[in-house]
Amino acid sequence: MPDRVVLVGLGAVGAGYGSRFLQAGIDLQVVADPGRIARYGHLPTVVNGVPFHFPIAERSGAADLVLVAVKRGALSEAIDLLRPHVGPDTVILSLLNGIDSEDVLAEAFPQATVLLALSVGIDAVRDGRDVHYSSLGRIVLGEPTNPGPLAEKVARVGRLLDSAAIAHHTPTDMVRELWWKYLINVGVNQVSAIIGAPYRVFQVAGEARDTMIAAQREVIAVANALGVGLDESDLERWLGVLAELGPDNFTSMAQDALAGRPTEVDSFAKTMIELGERTGVPVPVNTVLYGLLKGREAALARR
């Protein structure tokens, strides 16, 4: 029987990866709330100039793979939408930013397998129903540790991603990789959201890049206090990825801020403040970023 993939979240990331599944002829369906279906169900999503009519999931039944590509604030709603599509053989990949969505999904779906996952190097941008990217990067996935031959379900997802021409990688230490992506987001997402700047501003020396790095060094310090071995080499690895991103594209958080939508500051700076208090590690940069981003949201709410 062909693999069945269910996607929740048809934003820039979801549409980018989802289009690859459709191009490969894989059975991919999208779940969404009735309001979104009414607004967008009959409209194509245009990805890099190519229109895609993403099929809406109209039947229940367990999917082989579930991709969760919503923002953190929409996770509870996504879980409710996914319930008819998750069974004991379902593998769930969360492409959310942050470090806790897998725990939330595992608690909601104890019958399924929730792998650790992240996307890195993707620079997709959405404007209405139009999505464009210069790089889809790759999906990094696996169990917390992957010391030898891959677990069967990890290998099965890898084969499915291969079929869709989606680059992927399974590291030995997936927890460290998850924190590495967190380091990326805490820095570039938050600073770009405050100043409304594309990647090019962070690809060169200057105050914005310095502030990004200072926030990321706080992540390294907190991670070390929690037993996760991040170091300066992880920061250098990020700077290498950053150099390859489309200079005129924006982070997802900058896109939200520019559009007047709520940001993911609670998953980033607020969580850093809480972890700093728990570990005794000072996080002054993230404390300032939290105040600025929350202040910006409050100002927008009063308009």
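Structure shown above.
Residues numbered from 1 in each chain as written. Predicted model: local features only at pLDDT ≥ 70, side-chain atom pairs only at ≥ 80, totals over all residues. Heavy atoms only, no water.

Chemist: Sorry, what's going on with the pairing of strand S7 (residues 113–122) here?
Modeler: Looking down a regular strand, the side chains alternate between one sheet face and the other. Counting buried residues in S7 gives nine out of ten residues, a clear majority hidden from the surface. Where strand S6 (residues 91–94) and S7 come together, three bridges link them in parallel fashion. From the neighbouring strand, Ile-92 faces S7, where its bridge partner is Val-114. Handedness of the crossover joining S6 and S7 through helix H4 (residues 101–108) is recorded here as right-handed. Here S7 pairs with strand S10 (residues 136–142) via six bridges, running antiparallel. Opposite Leu-118, over in S10, you have Val-140 as the bridge partner. (Buried < 20%, exposed > 50% of the residue type's maximum accessible area, 1.4 Å probe, protein only. Helix = DSSP H or I, 4+ residues; strand = E, 2+ residues; numbered from the N terminus. Pairing = 2+ DSSP bridges. Right-handed = clockwise from strand over helix to strand, strands pointing away.)

Chemist: What am I meant to see in the side chain of Gln-29 here?
Modeler: Locating Gln-29 in the fold gives a position in strand S2 (residues 27–31). You can call Gln-29 buried: its relative accessible area is 9%. A polar side-chain atom of Gln-29 sits 3.0 Å from a polar atom in the side chain of Arg-4. Leave out the neighbours within four places in its chain, and Gln-29 touches Arg-4, Val-5, Val-6, Leu-7, Pro-55, Ile-56, Ala-57 and Arg-59. (Polar contact = N/O pair within 3.5 Å; in protein donor to acceptor, adjacent residues only side chain to side chain. Contact = heavy atoms within 4.5 Å.)

Chemist: Would you mind going over the nonpolar core with me for this structure?
Modeler: Within soluble globular proteins, side chains that are nonpolar tend to cluster in buried spots. Among the nonpolar cores identified, the biggest contains 45 residues, and Trp-179, Leu-230 and Trp-238 are the most heavily contacted of them. Among the elements of the structure, S7, helix H6 (174–195), helix H7 (207–225), helix H8 (232–243), helix H9 (252–258), helix H10 (266–279) and helix H11 (284–301) are those that each provide at least two residues to this core. Counting residues per element, this core draws most heavily on H6, which supplies eleven residues. Residues in contact with Leu-230, not counting those within four places in the same chain, are Arg-176, Trp-179, Trp-180, Leu-183, Val-219, Ile-220, Ala-223 and Asn-224. Phe-54, Leu-115, Ala-124 and Ala-164 belong to the second largest nonpolar core, which has 33 residues in total. (Core = buried A, V, L, I, M, F, W, Y, C linked by side-chain atoms within 4.5 Å.)

Chemist: Looking at this structure, I do not really get the packing of aromatic side chains. What am I missing?
Modeler: Aromatic ring pairs are reported here in terms of the distance separating the ring centres and the angle at which the planes meet. All chains considered together, the criterion is met by three aromatic pairs. With a centroid separation of 5.5 Å and 80 degrees between ring planes, the pair formed by Trp-179 and Tyr-182 is classed as edge-to-face. Taken together, the residues Trp-179 and Tyr-182, both in helix H6 and three residues apart, mark about one turn of the helix. By the burial criterion, Trp-179 is buried, and Tyr-182 matches it. A network of ring pairs unites the aromatic residues Trp-179, Tyr-182 and Phe-268 as a single cluster. When the ring centre of Trp-180 is taken as origin, the NZ or CZ atom of Arg-237, which lies over that ring, is 3.8 Å away. (Phe/Tyr/Trp six-rings, centres within 6.5 Å; stacked < 30°, edge-to-face > 60°. Lys NZ or Arg CZ within 6 Å of the ring centre and 35° of its normal.)

Chemist: Honestly, the sheet that holds S7 in this entry has me stumped. Any pointers?
Modeler: Strand pairing in a sheet relies on backbone hydrogen bonds, with the paired strands running either antiparallel or parallel. Taken in spatial order, the seven strands line up as S2-S1-S5-S6-S7-S10-S11 in an open sheet, and their pairing is mixed. The open sheet terminates on both sides in strands that have one partner only, identified here as S2 and strand S11 (168–169). Across four bridges, the pairing between strand S1 (residues 4–8) and strand S5 (residues 65–68) is parallel. Among the inter-strand pairings, Val-6 is bridged to a residue of S5, identified as Val-66. Here H4 sits on the sheet and contacts S5, S6 and S7; the angle it forms with S7, its principal contact strand, is near 150 degrees. (Axes fitted to C-alpha atoms, helices over the stretch in contact; angles between N-to-C directions.)

Chemist: Honestly, the packing of H7 against H11 in this entry has me stumped. Any pointers?
Modeler: When two helices pack together, you describe them by how their axes are tilted relative to each other and by the distance separating the axes. Where H7 meets H11, the closest approach of the two axes is 8 Å, and the angle between their N-to-C directions is 115 degrees. Here Thr-211, Ala-214, Ala-215 and Glu-218 of H7 lie close against H11, whose contacting residues are Pro-284, Val-285, Asn-286 and Leu-289.

Chemist: Looking at this structure, how should I read the pattern of salt bridges?
Modeler: Pairing of side chains with opposite charge becomes possible as their charged atoms draw close. Per the counting criterion, the structure on display carries 15 salt bridges. Residue Asp-33 pairs with Arg-36 through a salt bridge whose shortest N-O separation is 2.4 Å. On the basis of relative accessibility, which here comes to 13%, the residue Asp-33 falls in the buried class. Taken together, the shared-partner salt bridges connect Arg-176, Glu-177, Asp-231, Asp-234 and Arg-237 into one network. (Salt bridge = Lys/Arg side-chain N within 4 Å of Asp/Glu carboxyl O.)

Chemist: Would you mind going over the pairing of S2 with me for this structure?
Modeler: Judged by how many residues are buried, S2 sits mostly within the fold: four of five residues are covered. When S1 meets S2, the two strands line up parallel, connected through five bridges. Along S2, the bridge assignment pairs Val-8 with Val-31. Crossover handedness for the path S1 to helix H1 (residues 12–23) to S2: right-handed.

Chemist: How should I be thinking about H1 in this particular structure?
Modeler: Residues separated by three or four positions in an α-helix point in the same direction, a consequence of the helix having 3.6 residues per turn. Given a rise of 1.5 Å per residue, twelve residues ought to cover 16 Å, and the 17 Å separating the end C-alpha atoms of H1 matches this to within 8%. All buried positions along H1 are accounted for by Ala-12, Gly-14, Ala-15, Gly-16, Tyr-17, Gly-18, Ser-19 and Phe-21. Looking one or two residues beyond H1, the residue adopting positive phi is Gly-25, at roughly 75 degrees. (Expected span 1.5 Å × (residues − 1).)

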